[in-house]
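If you want the building blocks of each chain, they are given just below.
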Amino acid sequence: MHQHPHTSTRTRTGTPSRTGTRRRTGRLAGLTTALAAVIGLSTLSGPGAHAAADNPYERGPAPTESSIEALRGPYAVSEVSVSRLSATGFGGGTIYYPTTTADGTFGAVAVSPGYTALESSISWLGPRLASQGFVVFTIDTNTTLDQPASRGDQLLAALDYLTQRSMVRNRVDSSRLGVMGHSMGGGGSLEAAKDRPSLQAAIPLTPWNLDKTWSEVRTPTLIFGADGDTIASVSSHAEPFYNNLPSSLDRAYLELNNATHFTPNSSNTTIAKYSISWLKRFIDNDTRYEQFLCPLPRPSLTIEESRGNCPHTS
């Protein structure tokens, strides 16, 4: 397994920092300080606790291992269907979004299914990602036989619809967008990133594409492979895709253990955990999630191997 010279495979979880308190004088001062602390804690406990002064894009409370592995994050989620008839350049789909408007706008990601598959095959990602503070658009393609280049165009068309025409367009920050996809949809997410360098994150899931070289990509990219994939074997697809991304790019490769080509089609904690962390880190610029990406995750019951450029620079 190739390792970047600046990477490690040790896992690390964040621990809250503690600061000393100044000596208080007088009972009134003590009560005032205690009251302020209680108010502060209650304010920080909800999903609206975000936006450090140096990063206005932070959304949600500080993450933990359990919070990014949970079936749902801190945000309540609503959804709206987009008819194929009202869509232009893609096959319609479902938009999942945080219900609250108190936190301002959110970053967004469009997700494409694979060859012969429907939106339902990747729909589990919608509420799972949206509940962590993203607007998520899981789409159907124009036809189930569309090839990766077409799926890439459709992902971009879906993002354009989301930011320009959808009923939730005012909830989306159009400068902070990403793409995901399974199989040919994963190959399509690479095509989309190549065609639109302004994308902030790309996550191909057991991707398939005849094009193996992606030196044009400027979007931070996390590729998931599966050790038991007999349709898009990692040796022919995921690994060369990763290896042929620019070496200077923030990139990662995570090979799922005891997994198949179709593992991304059902709820999967490992895929969710690292996808959430990648999207948070690069769409939201939220370095609180760096701890789950660098050092690289160690091989485990669910991870065969991992590669990547650590620490991340963008």
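Below you will find a few notes about this structure.

Conventions used here
- Residues numbered from 1 in each chain as written.
- Predicted model: local features only at pLDDT ≥ 70, side-chain atom pairs only at ≥ 80, totals over all residues.
- Heavy atoms only, no water.
- 1 Å grid on protein atoms, 1.4 Å probe; cavity = no way out; pocket = protein on both sides within 12 Å on 5 of 7 lines; lining within 4 Å.
- Points joined across faces, edges and corners; volume = space filled by probe spheres on them.
- Helix = DSSP H or I, 4+ residues; strand = E, 2+ residues; numbered from the N terminus.
- Nonpolar A, V, L, I, M, F, W, Y, C, P; charged D, E, K, R; others polar.
- Pairing = 2+ DSSP bridges.
- Axes fitted to C-alpha atoms, helices over the stretch in contact; angles between N-to-C directions.
- Contact = heavy atoms within 4.5 Å.
- Left-handed = near helix turned anticlockwise from the far one by under 90°.
- Phe/Tyr/Trp six-rings, centres within 6.5 Å; stacked < 30°, edge-to-face > 60°.
- Buried < 20%, exposed > 50% of the residue type's maximum accessible area, 1.4 Å probe, protein only.
- Lys NZ or Arg CZ within 6 Å of the ring centre and 35° of its normal.
- Disulfide = S-S within 2.5 Å.

1. Focus: empty space enclosed by the protein
Counted according to the given criterion, the structure contains 1 cavity of 30 Å³ or more. In this model, the largest cavity occupies a volume close to 100 Å³. Along the wall of the largest cavity there are 17 residues; nearest its centre are L222, A252, L293, L296 and P297. Going through the elements one at a time, β8 (251-256), α7 (269-283) and β9 (303-308) are the ones with two or more residues in the lining of the largest cavity. Looking at which element gives the most residues to the lining of the largest cavity, the answer is β8, with 4 residues. Taken together, the residues of the lining of the largest cavity sort by class into 11 nonpolar, 4 polar and 2 charged.

2. Some thoughts on the sheet that holds β9
The strands making up a sheet associate through hydrogen bonds between their backbones, and the pairing can be parallel or antiparallel. Overall, mixed pairing links the 9 strands, which are arranged β1-β2-β4-β3-β5-β6-β7-β8-β9 in an open sheet. The open sheet has two edge strands, β1 (77-82) and β9, and neither has a second partner. Averaged over all pairs of adjacent strands, the angle between their axes in this sheet comes to 15°, without regard to strand direction. Pairing analysis gives 6 bridges linking β1 to strand β2 (residues 93-98), with the strands arranged antiparallel. By the bridge assignment for β2, S81 is matched with T94. Contacts between helix α5 (residues 184-195) and the sheet are confined to β3 (106-112), β5 (172-182), β6 (201-205) and β7 (221-226), with β5 contributing the most and set at about 145° to the helix.

3. A short note on the packing of helix α4 (residues 148-164) against α5
Pairs of packed helices are described in terms of their axes, by the angle between the two and the distance that separates them. Packing of α4 against α5 leaves a shortest axis separation of 7 Å and a crossing angle of 65°. Between α4 and α5 lies a crossing of right-handed hand. Contact with α4, carried on its side by P148, A149, R151, G152, D153, L155 and L156, involves M184, G185, G187, G188, S189, E191, A192 and D195 of α5 and no other residues of that element. Counted by class, the contact of α4 with α5 contains 6 nonpolar, 5 polar and 4 charged residues.

4. Quick word on the packing of aromatic side chains
In the structure shown here, the tally under the stated rule is 8 aromatic pairs. Pairing Y242 with Y253 gives two aromatic rings, centres 6.1 Å apart and planes at 40°, and the pair type is tilted. Taken as a pair, Y242 in helix α6 (residues 238-243) and Y253 in strand β8 lie far apart in primary sequence, 11 residues in all. The residues Y242 and Y253 share a single accessibility class, namely buried. Connected via pairs of aromatic rings, a cluster forms that spans F90, F137 and Y161. One cation-aromatic arrangement involves R59 over F106; the distance from NZ or CZ to the ring centre is 5.9 Å. Of note, K280 hangs over the ring of F134, and the distance from its end group to the ring centre comes to 5.2 Å.

5. Considerations on the state of the cysteines
Scanning all chains against the criterion turns up 1 disulfide. One disulfide bridge connects C294 with C310, the sulfur atoms lying 2.0 Å from each other. Its S-S torsion of approximately -80° makes the covalent link between C294 and C310 left-handed. Of this pair, C294 sits in the loop between α7 and β9 while C310 sits in the segment after β9; the two residues are 16 residues apart in sequence, bridging distant segments of the chain. In this structure C294 comes out as buried when scored by relative accessible area, which is 6%.

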